[in-house]
Amino acid sequence: RTLFDEVVSGFTVAIMQVPESIAFSFVAGVPPQSGLHATFWMATITGILGGKPGMISGAAGALAVVVTELTADDGVLSYLSRADRLNVLYMTMFICGIMQMLFCVFRLAKLVRLIPETGMIAFMDGLAI
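Report follows, based on the coordinates. (Residues numbered from 1 in each chain as written. Predicted model: local features only at pLDDT ≥ 70, side-chain atom pairs only at ≥ 80, totals over all residues. Heavy atoms only, no water.)

Let's talk about the overall build of the protein
Move 1: Tallying secondary structure elements over the protein gives 5 helices and 0 strands in all.
Move 2: The linear arrangement of helices and strands in the protein, starting from the amino end, is α-α-α-α-α.
Move 3: When contacts within the protein are restricted to residue pairs at least 6 apart in sequence, long-range pairs at least 24 apart make up 48% of them.
Move 4: As displayed, the protein has an accessible area near 9,700 Å², and 73% of this comes from carbon and sulfur atoms. (Helix = DSSP H or I, 4+ residues; strand = E, 2+ residues; numbered from the N terminus. Contact = heavy atoms within 4.5 Å. Areas by Shrake-Rupley, 256 points an atom, 1.4 Å probe, with all protein chains shown as cover.)

Remarks on the packing of aromatic side chains
Move 1: Tallying each qualifying case throughout the model produces 1 aromatic pair.
Move 2: Ring centres of Phe40 and Trp41 lie 5.1 Å apart, and the angle between their planes is 75°; on these two criteria the pair is classed as edge-to-face. (Phe/Tyr/Trp six-rings, centres within 6.5 Å; stacked < 30°, edge-to-face > 60°.)

Brief notes about helix α4 (residues 82-105)
Move 1: Counted at 1.5 Å a residue, the expected span for α4 with its 24 residues is 34 Å, and the 35 Å between its end C-alpha atoms agrees.
Move 2: Among the residues of α4, those classed as buried are Arg85, Leu86 and Leu89. (Expected span 1.5 Å × (residues − 1). Buried < 20%, exposed > 50% of the residue type's maximum accessible area, 1.4 Å probe, protein only.)

A few points about the nonpolar core
Move 1: Residues Ala28, Val30, Ala64, Val67, Leu70, Leu77, Leu86 and Leu89 constitute the largest nonpolar core, which totals 8 residues.
Move 2: Those elements that place two or more of their residues in this core are α3 (61-71) and α4.
Move 3: Residue contributions to this core peak at 3 residues, all from α3. (Core = buried A, V, L, I, M, F, W, Y, C linked by side-chain atoms within 4.5 Å.)

Some details on the side chain of Arg85
Move 1: Relative to the elements of secondary structure, Arg85 occurs in helix α4.
Move 2: Under the relative-accessibility criterion, Arg85 is labelled buried at 4%.
Move 3: Beyond its immediate sequence surroundings of up to four residues, Arg85 is in contact with Leu70, Thr71, Ala72, Asp73, Leu77, Ser78 and Leu80.

The following block contains the structure:
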């Protein structure tokens, strides 16, 4: 019964993640294949290393909004070609992943408590707009 539950939950998450990752790709200004690849690898790594019950590892809307400035034609990297801007974006995401792993290794997640509640609410409100 557990294997069946895992397969059903995997298909459910996959059905939800495909359109979401494509949509976030458009928000971030990258090809949809990039979002699908990122979602696939994130799910694979989470599956191998383990996760928490009820946790869905997938595309992050907050990050898509933040990195838009890196890929925009009139953004801070506008002097670079489109391919070079995408390379900078991919390297930025790679470094973010390394930083997240270091936060895990050194158990720094407790530092999130230092972010004021008003700051978190303002960030979520900004995403909603």
